[in-house]
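Spelled out from the first residue to the last, the chains are:
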Amino acid sequence: MQETGIKNPKHNLSDYGFKNLSIINWNWSQDQLIDQTVIKSMGQIADSGALTVDTGEFTGRAPKDKYIVKDTVTENTIYWGEVNQPFEEKNFQPLLDELLNYFDGKEVYVKDSFACADPNYRLNVRVITELPWAAMFAGNMFLRPKQEELKTIEPDWIIVHAPTYKTDPKKYGIRSGNFAVLNFTRKMIIIGGTAYTGEIKKGIFTVLNYVLPQDKGVLAMHCSANIGKEKDTAIFFGLSGTGKTTLSADPDRGLIGDDEHGWSDEGVFNFEGGCYAKCVNLSEEKEPEIFRAIKHGSLLENIRFVPGTKTVNYDDISVTENTRVSYPLDFIANAVEPSIGKHPENIFFLTCDAFGVLPPISKLTEGQAMYWFLSGYTAKVAGTEAGITEPKTTFSTCFGAPFFPLDPNKYAGMLAEKMRKHKANVWLVNTGWSGGGYGVGS
Ligand code: OXD
Ligand code: MN
């Protein structure tokens, strides 16, 4: 077995049960991972300099194949149901063993990074994956330790990522051969059978959404955030595809983050170190900040080139409507560093109304705000989840039901208290259809 790269010398992957790995590549730089992806013919470089890959069978999250191990820690704390599905404790080690066996003789990439821009809440994450570009995704999306820190880093959570391995679902009473299983006791996420990178980021989001409200009194939110010249913070709640990333990359405001934030007694902080933007119909005119962030160091997923060129055709959605790009936050020109802001003055609920009934913008009272937050009326847009091919009306509590493992009332109660205390305005914005529903209005 050969090891390359930088690591904490105290750590060995055999500690997690890996046995006969051929090569372990520890904490390669983003450039090394890009080169390796191209060398292994897993990706190509677009003329913008960005790396492009195909994620294969899965081009969106598979929420129905996400599970949480039910044990003494989670039994009475998780809000079990359709979203938070239990996985039997006794099955966890056998499934992990299958993955570990699968890795026998393979080359792996390890990426150490962390979540939470506020150091008080920092969570160290170690991703162990068979794909160089999945390690690169982790490097784009989580916060990047300094070279020196890599020699001492202690991971809090481990993700074992085997996208090409499928299990026999019958053995574990699960729906399908692909899976993402979270184990809060072992602090481990195991992902198999899907290479859709969003599973990695949403796995850690789910972890933080469990830990921060319960243990640290921090409200975890599926929202973007930015900051004005007067240092006023605005946050934008919404399901994927309702405008969080677009509205947060406002040329007149500083970007804090596009998707996952915490609201503590000190203010708002980003969980992530990068953005994960949708690319469908992207143009420099409409979204200049995002368009210009697509360069060397960005990772494009499931796009197609203009035939005969290496120029991306963002209108080509022949693979999926959920074409994506991940890039580090500082690829957006006016991103603030660290990604932290004061208590929000304005809170926007972005709702994609597929019926075209809601007015473009409404100001909500506190009671109305709570009603909307808990009901979460919006639409899923095509592609982000497997099987969704056109806007589908949904009630996604907290504007992100698939990622919130606790009782929604916990998050709603914390939001109400913070809104009241900091006198935030709440606005409901219809970023869906007006003047008629999907297919009729605009
Ligand atoms: C995302 C999502 O991709 O919310 O961020 O699905
Ligand atoms: Mn999201």
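Heads up: these notes are all about the structure in this document. (Residues numbered from 1 in each chain as written. Chains lettered and ligands numbered in written order. Predicted model: local features only at pLDDT ≥ 70, side-chain atom pairs only at ≥ 80, totals over all residues. Heavy atoms only, no water.)

1. Some details on the coordination of the manganese ion (ligand 2)
Okay, so step 1: Surrounding the manganese ion (ligand 2) are the protein donor atoms K202 (NZ), H222 (NE2), D259 (OD) and D259 (OD), at 2.2 to 2.4 Å.
Okay, so step 2: Relative to the metal, the six donor atoms surrounding the manganese ion (ligand 2) lie at angles of 54 to 164°, and the coordination shape comes out irregular.
Okay, so step 3: On the primary sequence, the residues serving as donors to the manganese ion (ligand 2) are separated as K-x19-H-x36-D. Of this pair, H222 sits in the loop between strand 12 (219–221) and strand 13 (223–227) while D259 sits in the loop between strand 15 (254–257) and strand 16 (261–263); the two residues are 37 residues apart in sequence, bridging distant segments of the chain. D259 shares its class with H222; the two are buried. (Donors = N, O, S within 2.8 Å, 3.2 Å for Na, K, Ca; no water. Tetrahedral: all angles 85-135°; square planar, octahedral: opposite > 155°, others 65-115°. Helix = DSSP H or I, 4+ residues; strand = E, 2+ residues; numbered from the N terminus. Buried < 20%, exposed > 50% of the residue type's maximum accessible area, 1.4 Å probe, protein only.)

2. Some remarks on the pairing of strand 18 (residues 274–278)
Okay, so step 1: Buried residues dominate strand 18, accounting for five of its five residues.
Okay, so step 2: Bridge count for strand 18 against strand 20 (residues 324–328) is five bridges, and the pairing is antiparallel. Each bridged residue has a counterpart across the sheet, and for C275 the counterpart in strand 20 is Y327. (Pairing = 2+ DSSP bridges.)

3. A closer look at the sheet that holds strand 26 (residues 425–430)
Okay, so step 1: Spatially, six strands are ordered 15-13-14-22-26-23 in an open sheet, and the strand pairing comes out mixed. Whereas interior strands pair on both sides, the edge strands pair on one side only; in this sheet they are strand 15 and strand 23 (361–364). Geometrically, the sheet is characterised by an average inter-axis angle of 25° between neighbouring strands, direction not taken into account.
Okay, so step 2: Where strand 13 meets strand 15, three bridges bridge the pair, whose relative direction is antiparallel. When the sheet's bridge partners are listed, A225 is paired in strand 15 with G257. (Axes fitted to C-alpha atoms, helices over the stretch in contact; angles between N-to-C directions.)

4. Overview of the side chain of T397
Okay, so step 1: Within the element layout of this structure, T397 appears in the loop between strand 25 (392–395) and helix 9 (408–421).
Okay, so step 2: Dropping the residues within four chain positions of it, T397 is found in contact with F373, L374, S375, G376 and P408. (Contact = heavy atoms within 4.5 Å.)

5. Focus on the packing of aromatic side chains
Okay, so step 1: Tallying each qualifying case throughout the model produces 28 aromatic pairs.
Okay, so step 2: Ring geometry for F18 against F103: centres 5.3 Å apart, planes inclined by 70°, an arrangement best described as edge-to-face. Residue F18 is located in the loop between strand 1 (2–5) and strand 2 (23–26), and its partner F103 is located in the loop between helix 2 (89–102) and strand 7 (107–115); the two are separated by 85 residues in the primary sequence. Taken individually, F18 and F103 each receive the classification buried, so the pair is uniform in this respect. (Phe/Tyr/Trp six-rings, centres within 6.5 Å; stacked < 30°, edge-to-face > 60°.)

6. Focus on the site of ligand 1
Okay, so step 1: Near ligand 1 the following residues occur: R61, K201, K202, H222, S240, D259, R324, T384 and F403.
Okay, so step 2: When isolated, ligand 1 has an accessible area of 210 Å², and the protein chains bury 97% of it.
Okay, so step 3: The class makeup of the residues in the shell around ligand 1 is one nonpolar, three polar and five charged. (Near = heavy atom within 4 Å. Areas by Shrake-Rupley, 256 points an atom, 1.4 Å probe, with all protein chains shown as cover. Nonpolar A, V, L, I, M, F, W, Y, C, P; charged D, E, K, R; others polar.)

7. Comments concerning the state of the cysteines
Okay, so step 1: As enumerated under the stated definition, the model contains zero disulfides in all.
Okay, so step 2: The thiol sulfur of C279 is not disulfide-bonded, and the nearest other cysteine sulfur, from C275, lies at 12 Å.
Okay, so step 3: On the basis of relative accessibility, which here comes to 0%, the residue C279 falls in the buried class.
Okay, so step 4: Of all cysteine sulfurs, the one in C223 lies closest to C352, which takes part in no disulfide; the gap is 18 Å. (Disulfide = S-S within 2.5 Å.)

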